[in-house]
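The chain contents come next:
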Amino acid sequence: MKTLLTTGAALAALTAAASAQERDIVIAVSIPAATHGWTGGVVYHATEAERQIEEAFPNVDIVLSTAQSASAQASALEDLTSTRDLAALVILPFTSEELTGPVENVRDTGTFITVVDRGLADDSIQDLYVAGDNIAVGHNTAEWLSEQLGGEGKIVVLRGIPTVIDDERIQGFTEVIDGTNIEILDIQYANWNQDEAFTLMQDYLAKHPQIDAVWANDDDMLLGVLEAVEQSGREDIRYALGGNGMKQVIEMVMEENAMTPISTPYPPSMIATAMYMTVAQFTGQAPMRGSFLLDAPLITPENAEQFYFPDSPF
């Protein structure tokens, strides 16, 4: 099931429901700390949603927890379940494999499970899944790039971290590229990190004398790629593309930057959407089950303003 849901519309639907209930509803929200730009946006939007939900629903207690690593997130979940009677858990897993077991343990206590963004290794554990369409992020980028290159050329790719969403982005991208004469010279992980992407791109530049384009999979990594390309002085690279819709990259698109003229959205505000939908499960006579994917249309100079939020940290 694919749907678009704005946070304003979601909150309006919730506030229209009866909020006065006799028992407290405790909803834990577990997310990665702001280790890079996109997760910084996640923390920002989760904090804003916590404030808005608790103002609208005095009987709802949002317990927000951030973690610097997968092991820290797993430990935090154990602490939460031992000290709180959780009605629901909204979790953006640090990694898919390492958090599957800990989330299953929470589910076994009778807790409603909402998974955001990075799917678990076993999707039967979740009641609700909210994410961007990662396959479309890769697919739509590859379609545009293939058209610009005329279906031929040599490219390099940077992966994120080993998660379902990274796998899906790569799947969507390579399915398109495999149908062309474009050669992927190299594809390695840079962990969605600007510094690691800078180092990896330096390696790519040293190894490959001809590179027509780069797909960085993520805008944080894209910034590292662009820095490495600029320092190298190489002129063979026609395009360097990322994804997620970082405001700095959206500005490049709005300015019709020759190397980065398009992007694809993967909004960190999806955490807020997931929180509103989870609250509706308990306050709005609106049973929430299923998977909800946000579209990933190309961001171009013509529509970039729709995706530009200058007050956001991302």
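Structure: see above.
In this report, the structure presented in the accompanying data block is examined. Quick caveat: nothing in here was measured; it's all calculated off a predicted structure.

1. Points about the sheet that holds strand β7 (residues 181-189)
Now for step 1: Spatially, β7-β6-β8-β9 is the arrangement adopted by the four strands of the open sheet, whose pairing is parallel. Bordering the open sheet on either side are β7 and β9 (239-241), each of which pairs with just one other strand. The mean angle between the axes of side-by-side strands here comes to 15 degrees, regardless of whether they run parallel or antiparallel.
Now for step 2: Taken together, the eight bridges between strand β6 (residues 152-159) and β7 define a ladder with parallel strand orientation. Looking at the pairing, E152 lines up with N181 of β7.
Now for step 3: On the sheet, helix α5 (residues 134-149) packs against β6, β7, β8 (213-215) and β9 and is oriented at approximately 175 degrees with respect to β9.
Now for step 4: Most of the contacts of helix α7 (residues 194-207) go to β7, to which it runs at about 135 degrees, and overall it touches β6, β7 and β8.

2. A word on the side chain of N244
Now for step 1: Position of N244 among the secondary structure elements: in the loop between β9 and α9 (247-254).
Now for step 2: The exposure class assigned to N244 is buried, which follows from its relative accessible area of 5%.
Now for step 3: Of the polar contacts made by the side chain of N244, one reaches the side chain of R169; its length is 2.7 Å.
Now for step 4: In contact with N244, other than residues within four places in its own chain, are W38, R169, D218, D219, S263, T264, P265, Y266, P267 and F314.

3. Section: the environment of I187
Now for step 1: If you trace the backbone, I187 turns up in strand β7.
Now for step 2: Residues I187 and V157 lie 30 residues apart in sequence; the distance between their C-alpha atoms is 4.7 Å.
Now for step 3: Sequence-distant contacts of I187, defined by excluding residues within four places in its chain, comprise V157, R159, I170 and Y204.

Reading the values: the criteria
- Residues numbered from 1 in each chain as written.
- Predicted model: local features only at pLDDT ≥ 70, side-chain atom pairs only at ≥ 80, totals over all residues.
- Heavy atoms only, no water.
- Pairing = 2+ DSSP bridges.
- Helix = DSSP H or I, 4+ residues; strand = E, 2+ residues; numbered from the N terminus.
- Axes fitted to C-alpha atoms, helices over the stretch in contact; angles between N-to-C directions.
- Contact = heavy atoms within 4.5 Å.
- Buried < 20%, exposed > 50% of the residue type's maximum accessible area, 1.4 Å probe, protein only.
- Polar contact = N/O pair within 3.5 Å; in protein donor to acceptor, adjacent residues only side chain to side chain.

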